Amino acid sequence: MPKKKNTKKKKPKYSLKRAKRIVSKKKYQELIQKRQHHKKLTLNERKQLDEALFVNYCSCVKSLKYDSKVKDYLEYPVCMSSIYKKRGFKPPKGVTIKCGKYK
């Protein structure tokens with residue numbers, strides 16, 4: 001009987017654009033304004049906004065990660081600040097770890 005090699009399966013990487021449905025820029029700005037001014041958002045609107053913020057955060061991290069002007073590991077606080085903190089939003093837990101699943 002031939003011996004089986006011990007191989008680990010790699011987790012597949014997903015595209016950010018295909019994984020999440022992107023909202024239009026106009027709708028995105030409207031949802032941000034609503035949340036900043038503490039207007040009531042429906043469940044569907046909250047999900048859309050959270051997904052859009054997540055996609056923007058991950059794409060920001062990916063773009064700064066390979067930029068030679070930015071020092072190593074500074075992309076995380078810079079993007080966290082620009083996407084979540086400056087708008088007054090509380091960032092979700094583990095958002096940086098979840099970005100690792102995507103290309």
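Draft legend 1. Up close: the side chain of E75. Counting through the fold element by element, E75 comes out in helix α4 (residues 75–83). Here E75 sits buried without a salt bridge, and the closest side chain of opposite charge, K65, lies 4.9 Å off (N-O distance). A polar contact is formed between the side chain of E75 and the backbone nitrogen of Y73, at a distance of 3.3 Å. With sequence-adjacent residues up to four places away left out, E75 is seen in contact with V61, L64, K65 and V70.

Draft legend 2. Structural view of helix α2 (residues 25–36). The terminal C-alpha atoms of α2 lie 16 Å apart, and with twelve residues this matches the ideal 16 Å at 1.5 Å per residue to within 8%. Burial in α2 covers these residues: Y28, L31 and I32. Seen from one end, α2 has its buried residues packed into an arc of 100°, which puts them on one side. Of the surrounding elements, those touching the buried residues of α2 are α3 (43–65). Note on α2: the residue one or two positions beyond its end, H38, has a positive phi of about 55°.

Definitions and limits used
Residue positions are given per chain, counted from 1 along the sequence in the order it is written. Selection of residues for local features in this predicted model requires a pLDDT of at least 70, selection of side-chain atom pairs for listing and counting requires 80 or more, and totals for whole chains, interfaces and linings are taken over all residues. Only hydrogens and water are removed before side-chain values are computed, so all heavy atoms of the structure are retained for them. Elements are defined by DSSP. Helices are runs of H or I of four residues or more, strands are runs of E of two residues or more, and each kind is numbered from the N terminus. Each residue gets one of three labels from its accessible area relative to the maximum for its type: buried under 20%, exposed over 50%, partly exposed in between, using a 1.4 Å probe on protein chains only. When charges are counted, neither His nor the chain ends are considered; positive counts come from Lys and Arg and negative counts from Asp and Glu. Put simply, a salt bridge is a Lys or Arg side-chain nitrogen that is within 4 Å of an Asp or Glu carboxyl oxygen. The term polar contact refers here to a pair of N or O atoms within 3.5 Å; inside protein, the definition further demands a hydrogen-donor-capable atom paired with an acceptor-capable atom, and it admits residues adjacent in sequence only when both atoms are side-chain atoms. Throughout, a residue-residue contact means that at least one pair of heavy atoms, one from each residue, lies within 4.5 Å. Expected helix span is computed as 1.5 Å times (number of residues minus one). By definition, the arc is the one covered by directions from the helix axis to the C-beta atoms.

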